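Each chain, written out:
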2 protein chains.
Amino acid sequence: MSESPVDVLVASTKLSGTWHEPNRLIPGVLFVHGWGSNQGNNLQLARSISRLGCICFTFDLRGHAATSQLHGRVTPEENMADVLAAYDLLAAHEWVDKDAIAVIGSSYGGYLAAILTSLRAVDWLVLRVPALYRDSDWKKAKAKIDRQALNAYRDLYLEPDDNRALRACAKFRGDALIVESELDTVVAHPAVASFAAAFRNAHSLSHRVLDGADHGLTDAHCREAYHRIVSRWMSEMISAAREHQ
Amino acid sequence: MSESPVDVLVASTKLSGTWHEPNRLIPGVLFVHGWGSNQGNNLQLARSISRLGCICFTFDLRGHAATSQLHGRVTPEENMADVLAAYDLLAAHEWVDKDAIAVIGSSYGGYLAAILTSLRAVDWLVLRVPALYRDSDWKKAKAKIDRQALNAYRDLYLEPDDNRALRACAKFRGDALIVESELDTVVAHPAVASFAAAFRNAHSLSHRVLDGADHGLTDAHCREAYHRIVSRWMSEMISAAREHQ
């Protein structure tokens, strides 16, 4: 909040006026979808968040939707480049406040979103069922990463130093929200718990479990519950940022 | 809400992206204080409303604060000119969305705010304990208006055609919120009820009575309740406006 005085001139009189302006005007919000999904799954949430006065940006990762011919050979490294390009487009939007940028990633998109915080300025980070991948798979075709080894990896409680995404979370100084699905059979609880434990330097961390929800939020009520959680959290974050410098 | 597609260029690939932007970005909110008050009484509420992502403007009416030497001779007509000048300053602010302007007036300021809607574009109108004055007093010194005659006038249930401010309310097509004080001994209930009844063409009307409150909201709890009512109502209005055209 800033308050600045200004004169109102009327007839031959000067009246005292005051502008009351929020510190953060228009946040930008980047959505990163999961593997095998596309931006369409984020449209509804993007719509809700834009009603808070944000400019939202969704996009299709390489290997999905129009570029699905690349699905078999795109690597995490390449998809990270996609996320960076999308972030840079959002941050360059003339209306977006560069000091008020949120990233909302699901599953594989959560993994990429976490790493993004080590490469670009991110104020608010939402990770829904964030997935973990071994650092050694970074340049491998995502579709060809050994599934069994990955599942075993996600059964471990890991330290920030064990993984690139967790290292990024440990250095993150903004506000983080993790939303876990109770009945997730894709990303095991230890993986999500490792993310939560990694936020050692965050300004705040909220961790919610959606009861009865599966990994993909196929149930409409669970999806709505997720949207409500994110909308309220974003609303709280934006409101606080508008008051404090 | 508008959704517009855009390409994200990364490596030699074009990814499909979408901007999700709210229709109304930054509302402007003008505060008009009551007779004998000053902009200071609106600072707290202006602060709350600016946290919603609005640019707020408060000012001192002629005859108050720095220009209190004019207190004895300023007329409603002159104070209306003050309100117009303040409105025009707000609407000219580079960030303010001219199609999303709210005016919040208390008592005498509510009277002026109601008339303002017939002279300028106002989308949202908040009238707290709005006062009524006879049209014939328009060019008289406000401080010299006969108090007894005024009290008698405020005991009447009036039709829109009976009064300039009520005529303006009857033509108002935006959203209106009236907040009345249960124990108001300055503006009698029939006057406030006349305002409420006048909003025949409003897009919406909300009428709240603050239990236990006096005219000037001297009780801190009543003041907080008023701030909560206005903040929630504004939040609802802005959110709806951001979605619909």
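Residues numbered from 1 in each chain as written. Chains lettered and ligands numbered in written order. Predicted model: local features only at pLDDT ≥ 70, side-chain atom pairs only at ≥ 80, totals over all residues. Heavy atoms only, no water.

1. A few points about the overall build of chain A
- Within chain A, the secondary structure is distributed over 7 helices and 8 strands.
- If one aligns the C-alpha atoms of chain A with their principal axes, the spans along those axes are about 80 × 35 × 35 Å.
- When each of the 245 residues of chain A is scored for burial, the buried share is 59%.
- A separation threshold of at least 6 residues defines the contact pool for chain A, and within that pool the share at least 24 residues apart is 70%.
- As displayed, chain A offers around 10,000 Å² of accessible surface, 48% of which is attributable to carbon and sulfur atoms. (Helix = DSSP H or I, 4+ residues; strand = E, 2+ residues; numbered from the N terminus. Buried < 20%, exposed > 50% of the residue type's maximum accessible area, 1.4 Å probe, protein only. Contact = heavy atoms within 4.5 Å. Areas by Shrake-Rupley, 256 points an atom, 1.4 Å probe, with all protein chains shown as cover.)

2. Some remarks on the nonpolar core
- Within the largest apolar cluster, 108 residues are counted, with the highest numbers of intra-cluster contacts made by Leu30 and Phe59 of chain A together with Leu30 and Phe59 of chain B.
- Filtering out sequence-adjacent residues up to four positions away, Leu30 of chain B remains in contact with Phe57, Phe59, Val83, Ala86, Tyr87, Leu90, Ala102, Val103, Ile104 and Leu116 of chain B. (Core = buried A, V, L, I, M, F, W, Y, C linked by side-chain atoms within 4.5 Å.)

3. Remarks on the relation of the copies chain B and chain A
- When chain B is fitted onto chain A, the two copies agree to an RMSD of 0.0 Å after a turn of 180° and an axial shift of 0.0 Å. Both copies are brought into coincidence by an operation consistent with a two-fold rotation axis. Among all residues of chain B, the minimum C-alpha distance to the rotation axis is found for Gly53 of chain B, at 3.6 Å.
- Comparing interface residues between copies, 100% of those in chain B also sit at the interface in chain A, which points to an isologous, same-surface contact. (Least-squares fit on C-alpha atoms with pLDDT ≥ 70 in both.)

4. Things to note about the pairing of strand E8 (residues 204–210) of chain A
All names here are of chain A.
- Judged from the 7 bridges that link them, strand E7 (residues 175–181) and E8 form a sheet pairing that is parallel. When the bridges of E8 are listed, Ile178 appears paired with His207.
- Remark: the E7/helix H6 (residues 189–198)/E8 crossover connection has right-handed handedness. (Pairing = 2+ DSSP bridges. Right-handed = clockwise from strand over helix to strand, strands pointing away.)

5. Focus: the state of the cysteines
- Here the structure, examined in full by the defined rule, presents 0 disulfides over all chains.
- Residue Cys54 of chain B stays outside any disulfide, its sulfur separated by 5.6 Å from that of Cys56 of chain B, the closest cysteine. (Disulfide = S-S within 2.5 Å.)

6. A few points about H6 of chain A
Residues and elements named next belong to chain A.
- Of all 10 residues that make up H6, 8 are buried, and the element is covered over most of its length.
- Those residues of H6 not exposed but buried are Pro190, Ala191, Val192, Ala193, Ser194, Phe195, Ala196 and Ala198.
- Against the buried residues of H6 lie helix H3 (108–116), strand E6 (124–128), helix H5 (164–171), E7 and E8.

7. Considerations on the interface of chain B and chain A
- Across the boundary between the two partners, chain B contributes 50 residues, which contact 50 residues of chain A.
- Contact between chain B and chain A buries roughly 4,200 Å² in total, counting both sides, with carbon and sulfur atoms accounting for 64%.
- Looking at the side of chain B facing chain A, the largest losses of area belong to Trp19, His20 and Arg51 of chain B, adding up to 16% of the total buried there.
- At the boundary of chain B with chain A, the tally comes to 4 salt bridges.
- Applying the counting criterion to the chain B and chain A interface returns 22 residue pairs in polar contact (both at pLDDT 80 or more).
- Every element with two or more residues in the side of chain B that touches chain A is listed here: strand E1 (2–10), strand E2 (13–21), helix H1 (43–50), strand E4 (55–59), helix H2 (76–91) and helix H7 (220–243) of chain B.
- At 9 residues, E2 of chain B tops the list of elements feeding residues into the side of chain B that touches chain A. (Buried area = accessible area lost by both parts, 1.4 Å probe. Salt bridge = Lys/Arg side-chain N within 4 Å of Asp/Glu carboxyl O. Polar contact = N/O pair within 3.5 Å; in protein donor to acceptor, adjacent residues only side chain to side chain.)

8. Quick notes on the sheet that holds strand E3 (residues 28–32) of chain B
- With mixed pairing, the 8 strands of this open sheet are ordered in space as E1(A)-E2(A)-E4(B)-E3(B)-E5(B)-E6(B)-E7(B)-E8(B). Two strands in the sheet have a free side with no partner beyond their single neighbour: strand E1 (2–10) of chain A together with strand E8 (204–210) of chain B. Going from strand to strand, the sheet's axes swing by 20° on average, the running direction of each strand aside.
- Two elements, strand E5 (residues 101–106) of chain B and strand E6 (residues 124–128) of chain B, share 5 bridges in a ladder whose sense is parallel. By the bridge assignment for E6 of chain B, Ser106 of chain B is matched with Arg128 of chain B. (Axes fitted to C-alpha atoms, helices over the stretch in contact; angles between N-to-C directions.)

9. Describing the pattern of salt bridges
- In total, this model carries 22 salt bridges over all chains according to the counting rule given.
- Taking the shortest distance from any N to any O, the salt bridge between Asp135 of chain A and Arg167 of chain A comes out at 3.3 Å. With Asp135 of chain A in the loop between E6 and helix H4 (147–153) and Arg167 of chain A in helix H5, this residue pair connects regions lying 32 residues apart in the sequence.
- Owing to a relative accessible area of 30%, Asp135 of chain A belongs among the partly exposed residues under this scheme.
- Overall, Arg167 of chain A belongs to the partly exposed group, its relative accessible area being 31%.
- Where Asp97 of chain B meets Arg24 of chain B, a salt bridge forms, and the shortest distance between an N and an O atom there is 3.5 Å. One end of the pair, Asp97 of chain B, is in the loop between H2 and E5; the other, Arg24 of chain B, is in the loop between E2 and E3, and 73 residues separate them in sequence. Per residue, the accessibility class of Asp97 of chain B equals that of Arg24 of chain B, and both read buried.
- Put simply, Arg47 and Arg51 of chain A together with Glu243 of chain B are held in one network by salt bridges that share partners.

In short, shape yes, function no, at least from these values alone.
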